[in-house]
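# Structure at a glance
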Amino acid sequence: MKIAEARSAYATQLSVQRSQRAQLLKQKERLEQEKTNRLSDTGEASDTGVSLELSDEYLQRFAKLQEQIDTLTNQIRKNEKSLDDVTRMEVGIANSEVAKQQGDAMEEAAEDMAKCLEIARRISRGDKVPAQDEKKLMDFNMEIYQIAKNMAVMNMNKKHKEWESLWDDEEEKQEYADPMETAAATEMNIAMPEGMDAAVPSQEISEETV
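Residues numbered from 1 in each chain as written. Predicted model: local features only at pLDDT ≥ 70, side-chain atom pairs only at ≥ 80, totals over all residues. Heavy atoms only, no water.

### What about the pattern of salt bridges?
Within the structure shown, the criterion is met by 10 salt bridges. Lys-149 is paired through a salt bridge with Glu-134; the nearest N and O atoms lie 3.9 Å apart. With Lys-149 in helix H4 (residues 142-154) and Glu-134 in helix H3 (residues 131-140), this pair connects stretches of sequence that are 15 residues apart. A residue is classified by how much of its surface remains accessible, and Lys-149, at 34% relative accessible area, is partly exposed. Its relative accessible area of 19% is what places Glu-134 among the buried residues. Among the ionic pairs, Asp-139 bridges to Lys-135, the shortest N-O distance being 2.9 Å. A residue pair is termed a helical-turn pair when its members lie 3 or 4 positions apart in one helix, as Asp-139 and Lys-135 do in helix H3 at 4 residues. Lys-135 carries the same exposure label as Asp-139, and that label is exposed. (Salt bridge = Lys/Arg side-chain N within 4 Å of Asp/Glu carboxyl O. Helix = DSSP H or I, 4+ residues; strand = E, 2+ residues; numbered from the N terminus. Buried < 20%, exposed > 50% of the residue type's maximum accessible area, 1.4 Å probe, protein only.)

In structure tokens, the structure reads:
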């Protein structure tokens, strides 16, 4: 599974589970309110406390409701942690890709610098270099280029050589993919979210079961 797919799956599952838990908590709140109302209607209250007998069906449904809430809460906690882990993994891969790209760029810059210095050496001897190589040196460092041209004047009477370009005509700067896109598309062995295939049934408890 790609990291982006895993991140989406966990975010979607968390949204569903939080909604389910909110519904169950509302059911529990209504049930407790119904119990309070029933107690008030029957007048079964005293200064020493409350005396109320609840039906077995009510107790079973209340326990089942609480069990569902607890199960969802545990699944939500696990999925929240897993989503954090997936996010950290994605950022880590992106950071590694950034470091790699920076390393490649530095290596490429070092190679270009070495080529420009070689061009300056050739020009300073009065040798002929391609126009594109001269421009590369000018773009790299105009001061070095001017010094090389001045030295070339002093070597005008020496034997000169004609050089081919140090850059291929088709040579282009390497284009890098977006690090976050690379990380998101990375395939990883990531487990499915907790409770992905489980559905929590809606359970309404009537006052008659109290």
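Now, onward.
### Looking at the environment of Glu-194
By secondary structure assignment, the location of Glu-194 is in the segment after helix H5 (179-184). For Glu-194, a relative accessible area of 35% puts it in the partly exposed group. Between the C-alpha atom of Glu-194 and that of Asn-74, which follows or precedes it by 120 residues, the distance is 9.0 Å. Non-local contacts of Glu-194, meaning those with residues more than four positions away in its chain, are made with Gln-13, Gln-17, Gln-75, Lys-78 and Asn-79. (Contact = heavy atoms within 4.5 Å.)

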